[in-house]
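Breakdown of the fold
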Amino acid sequence: MGQGTTEEPNIIAALKSGRRRKKRSVEYALTEQEITIVEDMEGFYHPPNADDFQNMSWFDNYGDVSSEKSILLNLTQYISQYMEEDLIEAGHDIGEMLQECVFMGKTCGPEDFYHFYDNKYGNCYTFNSGMDKAVARITNPGTSFGLSLTMFINQVQYIPVLTQEAGLRLLLHKQGQVPIMEEDGFDVTPGTKSSIAVRYVEVSRLDGLYSNCTKNGSRFAEGTSHEYYPGNYTQKACLKTCLQNGIIKKCGCASPLYRRPVNAIVCGPDDNACVEEVEFDLLDNNICSYQCPLPCWESQYQYVISSSQWPSNNYMPFLKESLDERGEDMKKVMEADTRTGLSQQFLKMVVYYDNLNFYKYTERPTMTTKDLIGALGGHLGLWIGMSVISFIEVFELIITLIKWCARGGRSNKTSSLTDLDEKSRRADECPTPVLKFKESWVNDD
């Protein structure tokens, strides 16, 4: 459809004759400038053709909650009836998954991993968490001085509908911070060795007049900063807490997508419309954004992932032989799986620093007061030839004029009277001139 035409676009006619288009849950109105740009692109794009999807019945639920999210909502609401201890017992155990652990060239074990439960991924384990009042440090870069893990994922126990992919979810974070697995983590593929090269980054922001960053989360509403996400302040954790509190207040239930109070009622699919409305209002009106500023200081881990096939075809027999005596589940897998299938039950990952240098990003003022004064002086000196001495001379002249104006009238009167007295005194002192005439006689004789 070009500009100035009155003809309806094909998409509208198609929707009238075919399936009705449902409104997406989040849509924003375009500005006039954006509408102009979109109209300018109409000659480039073509609208969907109704004939292409007329018989695609699997798209009849267009605009509804996705099947994956619906399953998650239903399942989370269902399992919320059980105690967390029962859910932990039903999940994968670190003693079963961990087959090899090496850190800094020395062996490690399950006792080095602390457990926490994630609403979506179930049992999660943290290495070097600092919870034992000690933190292990790497002293050399390279794969030989990192953390090497061989993991057994046991796909046989996966729940078919809930678990659509196989592997592990990995997250690198600082001690004292609640891991947000869904947003910050990344997947590690089975049948591969993943090498993860890490770089440490620090970010320091200016506070006060320059930004509203917080040093300790003091702008966080009272009673919420450590309610669901304890430990160090992060903006993501604050936003999730703000959203969860808003959902609980308005909908009367807690979203399963965020950490929640222990005894809270979990929202189900029927509550999804209310949950989305609250999230949209809080985010669109920047309510949670105002309550959750960026931290003035934070650390990040940047990483680069490379992978290769593992185990190799020739190494497979040796791996199978070394794992034959490691529990009943392992033995069943070894007996049932072929060589190709066995590789899909294991993965290996190595986390290491590529170098021990770290990157620090620090915000500094573009111009300080000192810089401003220097810039003004430089421009004045360049364009009109003024300097500090010129300013002093002008200032001195102004002071002199002010003093003269303050005593100018009285000085004039005094000086006039003084002049008159001086003239009188001089007149008295000067003698009066005497004219003398010389007599001359003339003799007529």
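Residues numbered from 1 in each chain as written. Predicted model: local features only at pLDDT ≥ 70, side-chain atom pairs only at ≥ 80, totals over all residues. Heavy atoms only, no water.

Some thoughts on the overall build of the chain
Along the chain, the regular secondary structure elements total 15 helices and 11 strands. Considering the chain as a whole, with its 445 residues, one finds that 27% of them fall into the buried category. (Helix = DSSP H or I, 4+ residues; strand = E, 2+ residues; numbered from the N terminus. Buried < 20%, exposed > 50% of the residue type's maximum accessible area, 1.4 Å probe, protein only.)

Quick notes on the layout of surface pockets
Here the second largest pocket is characterised by a volume of approximately 670 Å³. Lining the second largest pocket we find 27 residues, and of these Gln177, Thr234, Glu298, Ser299 and Gln300 sit closest to its centre. Mapped by element, the contributors of at least two residues to the lining of the second largest pocket are helix H8 (235-251) and strand S9 (297-309). Residue contributions to the lining of the second largest pocket peak at six residues, all from S9. Per-class residue counts for the lining of the second largest pocket are 12 nonpolar, nine polar and six charged. (1 Å grid on protein atoms, 1.4 Å probe; cavity = no way out; pocket = protein on both sides within 12 Å on 5 of 7 lines; lining within 4 Å. Points joined across faces, edges and corners; volume = space filled by probe spheres on them. Nonpolar A, V, L, I, M, F, W, Y, C, P; charged D, E, K, R; others polar.)

Observations concerning the state of the cysteines
Within this structure, the stated rule accounts for six disulfides. Each sulfur in the disulfide pair cysteine 213 and cysteine 296 lies 2.1 Å from the other. Between cysteine 213 and cysteine 296 the disulfide shows an S-S torsion of about 95°. By sign, it is right-handed. Here cysteine 213 is found in the loop between strand S8 (192-204) and H8, whereas its partner cysteine 296 is found in the loop between helix H10 (287-291) and S9, with 83 residues between them in sequence. Each member of the pair, cysteine 213 as well as cysteine 296, carries the same accessibility label: buried. (Disulfide = S-S within 2.5 Å.)

Some thoughts on the pairing of S8
For S8, the buried fraction is high: 10 of the 13 residues fall into the buried class. Pairing geometry for S8 and strand S11 (residues 359-362), over four bridges, is parallel. Looking across to S11, one finds that serine 204 is bridged to threonine 362. (Pairing = 2+ DSSP bridges.)

Quick notes on the nonpolar core
One broad rule of soluble globular proteins: the nonpolar side chains tend to lie buried together. Membership of the largest hydrophobic core comes to 21 residues, with the highest contact counts inside it found for Leu149, Met151 and Met349. Breaking this core down by element, the ones donating at least two residues are helix H6 (94-97), strand S1 (98-103), strand S5 (147-152), strand S6 (168-170), strand S7 (186-188), S8 and strand S10 (346-353). Ignoring sequence-local partners within four residues, the contact set of methionine 151 consists of Ile94, Met97, Leu98, Leu168, Gln345, Phe346, Leu347 and Met349. Listed in part, the 18 residues of the second largest apolar core include Val178, Tyr233, Cys253 and Val278. (Core = buried A, V, L, I, M, F, W, Y, C linked by side-chain atoms within 4.5 Å. Contact = heavy atoms within 4.5 Å.)

What to know about the environment of glutamine 309
With respect to the element layout, glutamine 309 can be found in strand S9. When the C-alpha atoms of glutamine 309 and threonine 192 are compared, they prove to be 4.4 Å apart, with 117 residues separating the residues in sequence.

Describing the pairing of S1
When S1 meets S5, the two strands line up antiparallel, connected through five bridges. Of the residues in S5, the one forming a bridge with leucine 98 is methionine 151. Pairing between S1 and strand S2 (residues 106-107): two bridges, direction antiparallel. Within S2, the position partnered with valine 102 by the bridge is threonine 107. Counting the residues between successive antiparallel strands, the hairpin from S1 to S2 contains two residues, one of them, methionine 104, with a positive phi of roughly 55°.

Don't take any of this as a statement about function, it's just geometry.
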